[in-house]
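One letter stands for each residue in the lines below.
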Amino acid sequence: MIYNSKIGAIELSNLIRLYPAVVVDMHGEVAEMSLEWADLYGEKVKLVKYILVFDYTKPAEDTKNKKVLEFETKEELLMTMQEVAQFFQD
(Lines give C-alpha, C1' and ligand atoms only; values in the text may rest on other atoms or scores of the structure.)
Protein backbone atom coordinates (compact mmCIF):
# COMPACT_ATOMS: atom_id res chain seq x y z
CA MET A 1 0.00 0.00 0.00
CA ILE A 2 1.42 3.35 -1.02
CA TYR A 3 0.08 6.77 -0.11
CA ASN A 4 1.21 9.45 -2.57
CA SER A 5 1.81 12.57 -0.49
CA LYS A 6 3.29 15.99 -1.07
CA ILE A 7 6.69 14.62 0.05
CA GLY A 8 6.46 11.60 -2.23
CA ALA A 9 5.34 7.99 -1.93
CA ILE A 10 4.87 6.70 1.61
CA GLU A 11 4.79 2.94 2.12
CA LEU A 12 2.01 1.94 4.51
CA SER A 13 2.34 -1.84 4.64
CA ASN A 14 5.16 -1.91 7.21
CA LEU A 15 3.94 1.04 9.28
CA ILE A 16 4.25 0.56 13.05
CA ARG A 17 2.49 3.73 14.25
CA LEU A 18 0.60 6.56 12.60
CA TYR A 19 -0.23 9.58 14.71
CA PRO A 20 -1.13 13.26 14.46
CA ALA A 21 0.69 15.82 16.58
CA VAL A 22 1.59 19.47 16.85
CA VAL A 23 4.97 21.12 17.03
CA VAL A 24 5.05 23.88 19.63
CA ASP A 25 7.53 26.51 20.72
CA MET A 26 7.55 26.84 24.48
CA HIS A 27 9.88 29.66 25.50
CA GLY A 28 12.40 28.75 22.79
CA GLU A 29 12.12 24.99 23.29
CA VAL A 30 10.55 23.21 20.32
CA ALA A 31 8.63 20.03 21.13
CA GLU A 32 6.19 17.59 19.57
CA MET A 33 2.92 17.27 21.48
CA SER A 34 -0.34 15.39 20.98
CA LEU A 35 -3.38 17.06 19.47
CA GLU A 36 -5.20 16.52 22.76
CA TRP A 37 -2.45 18.35 24.63
CA ALA A 38 -2.69 21.23 22.17
CA ASP A 39 -6.45 21.43 22.68
CA LEU A 40 -5.95 21.68 26.44
CA TYR A 41 -2.86 23.89 26.66
CA GLY A 42 -2.38 25.35 23.19
CA GLU A 43 -3.10 28.91 24.26
CA LYS A 44 -0.04 28.82 26.55
CA VAL A 45 2.45 28.03 23.79
CA LYS A 46 3.18 29.08 20.22
CA LEU A 47 1.87 26.51 17.75
CA VAL A 48 4.46 26.08 14.98
CA LYS A 49 2.76 23.47 12.78
CA TYR A 50 0.57 20.37 12.66
CA ILE A 51 2.18 17.08 11.67
CA LEU A 52 1.22 13.54 10.71
CA VAL A 53 3.90 11.04 11.67
CA PHE A 54 4.40 7.77 9.80
CA ASP A 55 6.59 5.82 12.23
CA TYR A 56 8.35 2.64 11.09
CA THR A 57 10.49 2.28 14.25
CA LYS A 58 10.16 -1.18 15.76
CA PRO A 59 9.96 -1.55 19.54
CA ALA A 60 13.42 -1.55 21.20
CA GLU A 61 15.02 -0.06 18.07
CA ASP A 62 17.32 2.87 18.84
CA THR A 63 17.31 4.47 15.41
CA LYS A 64 14.11 6.36 14.61
CA ASN A 65 12.68 5.62 11.19
CA LYS A 66 9.80 7.92 10.33
CA LYS A 67 8.37 10.26 7.73
CA VAL A 68 6.53 13.42 8.67
CA LEU A 69 3.96 15.43 6.74
CA GLU A 70 3.62 19.06 7.84
CA PHE A 71 0.48 21.21 7.76
CA GLU A 72 -0.37 24.82 8.52
CA THR A 73 -3.90 24.06 9.72
CA LYS A 74 -5.64 21.38 11.72
CA GLU A 75 -8.21 21.03 8.92
CA GLU A 76 -5.47 20.09 6.41
CA LEU A 77 -4.13 17.51 8.87
CA LEU A 78 -7.57 15.99 9.44
CA MET A 79 -8.27 15.80 5.69
CA THR A 80 -5.00 13.94 5.11
CA MET A 81 -5.74 11.58 8.01
CA GLN A 82 -9.05 10.73 6.32
CA GLU A 83 -7.26 10.05 3.02
CA VAL A 84 -4.76 7.73 4.71
CA ALA A 85 -7.52 5.97 6.66
CA GLN A 86 -9.04 4.85 3.35
CA PHE A 87 -6.06 2.53 2.87
CA PHE A 88 -6.85 0.66 6.09
CA GLN A 89 -10.56 0.08 5.50
CA ASP A 90 -11.71 -3.30 4.26
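Anything mentioned here points back to the structure above.
What you are looking at is a predicted structure, and each value in this text was computed from that prediction instead of being measured.

Novice: Pulling in residues and values, what's your account of the nonpolar core?
Specialist: With 17 residues, the main nonpolar core has Leu12, Leu52, Phe54 and Leu69 as its most contacted residues. Sorting the residues of this core by element identifies strand 3 (17-26), helix 1 (35-41), strand 5 (46-55), strand 6 (66-71) and helix 2 (74-85) as the ones contributing at least two each. Per-element accounting of this core gives the leading share, three residues, to strand 5. Once you skip the residues sitting within four places of it in the chain, Leu52 turns out to touch Leu18, Tyr19, Pro20, Lys67, Val68, Leu69, Phe71, Leu77, Thr80, Met81 and Val84.

Novice: Can you lay out the packing of aromatic side chains for me, pointing to particular residues and giving the numbers?
Specialist: By the definition in use, this model includes two aromatic pairs. Summarising the aromatic geometry, the rings of Tyr3 and Phe87 are spaced 5.9 Å apart at their centres and angled 85° between planes, so their arrangement reads as edge-to-face. Placement of Tyr3 in strand 1 (residues 2-5) and of Phe87 in the segment after helix 2 is noted, with a sequence separation of 84 residues between them. Of the residues examined, Tyr3 reaches a relative accessible area of 6% and is grouped as buried. The class for Phe87 is partly exposed, based on a relative accessible area of 31%. Arranged with centres 5.5 Å apart and planes meeting at 45°, the rings of Trp37 and Tyr41 form a pair that is tilted. Of this pair, Trp37 and Tyr41 both sit in helix 1, four residues apart, which is roughly one turn of that helix. On the basis of relative accessible area, Trp37 is assigned to the partly exposed category, the value being 22%.

Conventions used here
- Residues numbered from 1 in each chain as written.
- Predicted model: local features only at pLDDT ≥ 70, side-chain atom pairs only at ≥ 80, totals over all residues.
- Heavy atoms only, no water.
- Core = buried A, V, L, I, M, F, W, Y, C linked by side-chain atoms within 4.5 Å.
- Buried < 20%, exposed > 50% of the residue type's maximum accessible area, 1.4 Å probe, protein only.
- Helix = DSSP H or I, 4+ residues; strand = E, 2+ residues; numbered from the N terminus.
- Contact = heavy atoms within 4.5 Å.
- Phe/Tyr/Trp six-rings, centres within 6.5 Å; stacked < 30°, edge-to-face > 60°.

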